[in-house]
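The chain contents come next:
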Amino acid sequence: MPAPVELELFHAPSSYYSMVARLALVEAHLPWISRVLDIHLARQQLSDAYRLLNPGMTVPTLRGRDLVLTDSIEILAFAATQAGCLWADDDPDLRGKITAVVQEHAALSIETLTFSKLLASNPRLVPFVARLLRGLSHNLERRAGCTDRDPAALRAKATQNRERLQRFTQAPAAETLRAMRAQVQGFLQRLPVVAPDQWLFGARISRADVVLAVLIARLVMVEEWALVQRDDLRQWWSRYQRRPAFAAAEVWTGFRRGRFLQALLMAPCTPILSPAPPAAPGQAPPGLQPPPD
Ligand SMILES: N[C@@H](CCC(=O)N[C@@H](CS)C(=O)NCC(=O)O)C(=O)O
């Protein structure tokens, strides 16, 4: 077993890709310090302090000694390496097949699935979401215009939010949802057949099991569990939920209002230490959260 390293995970309890990271770390038996961000109201992912850590302004981010990983796929790969022989990824004959599943999963837009379901079920939310995303893009453009701290990243984020707006509103949500269902079903159909009492690639779990667990949890949460039609996958899911890691990693199968609100309250205290140089004598030390531009 490799020596434990001190890891900090910047994440949001309700965030899908944070769940992938949490489950990966727990399954790999890697201890980590939780750094909760509020990505909804305070939008700490857009703060200058966090931008220094993750210029893409998304969660999760994993930070350790000489390590900053800003994407859940990278965190998953890191966990697989650390897990060594605990995971099937250790087998060179399986690694390519596992990577193919992980890449296919990464090509699914979970956000589009979640939002199209929400908006198809509540069409009255469409103008609200559109206004929110338009305002967000506008603010990011404005910030980019009055800062010299990586304005290009802020513009890229504004563009990402405009693209979200287009994706969520260019077609009726029900139509987008149908297309997303077909994509998810295709992904599930192409997974290997799972033998009873086994995981996707045999007796040991793998990166593919981690992403599948979070995907199915999301399908349950948005009431799209019916997309899981294969019996072997349904049985796999009942077994997976019984793994201690599943509960420990807080993989949501339903909206947890209390946990969501708790995170909003806790998040302002999260230290996001910027790697700014130490203050000169007589000056105030660098703040934990630099003031917004
Ligand atoms: N490819 C990234 C995507 C991460 C991502 O989109 N995270 C969402 C939460 S699930 C986020 O941070 N959204 C906030 C934002 O984009 O402002 C990953 O896998 O880590």
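So, here's what we can say about the structure. (Residues numbered from 1 in each chain as written. Predicted model: local features only at pLDDT ≥ 70, side-chain atom pairs only at ≥ 80, totals over all residues.)

For the rest of this paragraph, the subject is the packing of helix α6 (residues 126-145) against helix α7 (residues 151-169). Two elements in contact, α6 and α7, have axes separated by 8 Å at closest approach and are oriented at 165°. The pairing of α6 with α7 is recorded here as roughly antiparallel in orientation. Read as a crossing pair, α6 and α7 show a hand that is left-handed. Here Val126, Val129, Ala130, Leu133, Arg134, Leu136, Ser137, Leu140, Glu141, Arg143 and Ala144 of α6 come into contact with α7, specifically with Pro151, Leu154, Arg155, Lys157, Ala158, Asn161, Arg162, Arg164, Leu165, Phe168 and Thr169. Along the lines of polarity and charge, the residues of the contact of α6 with α7 split into twelve nonpolar, three polar and seven charged. (Axes fitted to C-alpha atoms, helices over the stretch in contact; angles between N-to-C directions. Helix = DSSP H or I, 4+ residues; strand = E, 2+ residues; numbered from the N terminus. Parallel < 35°, antiparallel > 145°, perpendicular 65-115°, else oblique. Left-handed = near helix turned anticlockwise from the far one by under 90°. Contact = placed C-beta atoms within 7 Å. Nonpolar A, V, L, I, M, F, W, Y, C, P; charged D, E, K, R; others polar.)

As a further point, take the sheet that holds strand β3 (residues 61-64). Spatial strand order, β2-β1-β3-β4: four strands in an open sheet with mixed pairing. Whereas interior strands pair on both sides, the edge strands pair on one side only; in this sheet they are β2 (33-36) and β4 (67-69). Direction aside, neighbouring strands of the sheet carry axes that sit 15° apart on average. Of the strand pairs in this sheet, strand β1 (residues 8-11) and β3 are connected by three bridges, and their pairing is antiparallel. Along β3, the bridge assignment pairs Phe10 with Thr61. (Pairing = 2+ DSSP bridges.)

Around the ligand sit Ser15, Tyr16, Tyr17, Ile39, Gln45, Met57, Thr58, Val59, Pro60, Asp71, Ser72 and Ile73, and that is every residue in its neighbourhood. At the level of secondary structure, the elements contributing two or more residues to the shell around the ligand comprise α1 (16-27) and α3 (72-83). Each residue belonging to the shell around the ligand can be placed in one class, and the counts come to seven nonpolar, four polar and one charged. (Near = placed C-beta within 6 Å.)

Bringing the pairing of β3 into the picture now. When β3 meets β4, the two strands line up antiparallel, connected through three bridges. Its bridge partner being in β4, Arg63 is matched across the sheet by Val68. Where β3 folds back on β4, the antiparallel hairpin that results is connected by two residues, among which Asp66 adopts a positive phi of roughly 55°.

Let us now look at unusual backbone geometry. Residue Pro60 is bonded to the preceding Val59 through a cis peptide linkage, with omega at 5°. Note that Pro60 resides in the loop between α2 (48-53) and β3. Phi angles above zero are rare outside glycine, and Arg43 is one such case at about 50°. Counting through the fold element by element, Arg43 comes out in the loop between β2 and α2. On the basis of neighbour count, Arg43 is assigned to the partly exposed category, with 14 C-beta atoms found within 10 Å. At Glu250, a position not held by glycine, the phi torsion is positive, near 55°. Mapped onto the elements, Glu250 comes out in the loop between α11 (244-248) and α12 (257-266). Owing to 17 C-beta atoms within 10 Å, Glu250 belongs among the partly exposed residues under this scheme. (Buried ≥ 20, exposed ≤ 12 C-beta atoms within 10 Å, placed from the backbone.)

Position of Gln189 among the secondary structure elements: in helix α8 (residues 173-190). A residue is classified by how many C-beta atoms lie within 10 Å of it, and Gln189, with 10 of them, is exposed. Along the sequence, Gln189 and Leu227 sit 38 residues apart, while their C-alpha atoms lie 9.9 Å from each other.

Between its first and last C-alpha atoms helix α9 (residues 207-221) spans 21 Å; for 15 residues at 1.5 Å apiece the expected length is 21 Å, and the two agree. Taking burial as the measure, the 15 residues of α9 include 13 buried ones, the bulk of the element. (Expected span 1.5 Å × (residues − 1).)

Residues Glu8 and Phe10 line one face of β1 and the alternating positions Leu9 and His11 line the opposite face, and both faces are buried. Both β1 and β2 contribute to a ladder of four bridges, which runs parallel. Counted as the bridge partner of Glu8 is Ile33 from β2. In this fold, β1 hands off to α1, which returns the chain to β2; that crossover is right-handed. (Right-handed = clockwise from strand over helix to strand, strands pointing away.)

It is worth spelling out the packing of α1 against α9 at this point. α9 packs onto α1 with a crossing angle of 135° between their chain directions and a minimal axis gap of 9 Å. Looking at the two axes, α1 sits oblique to α9. You can see that α1 and α9 cross each other, and the crossing is right-handed. Residues Tyr16, Met19, Val20, Leu23, Ala24 and Glu27 of α1 touch α9, and the partners they reach there are Val210, Val211, Ala213, Val214 and Arg218. Residue classes in the contact of α1 with α9 are distributed as nine nonpolar, no polar and two charged.

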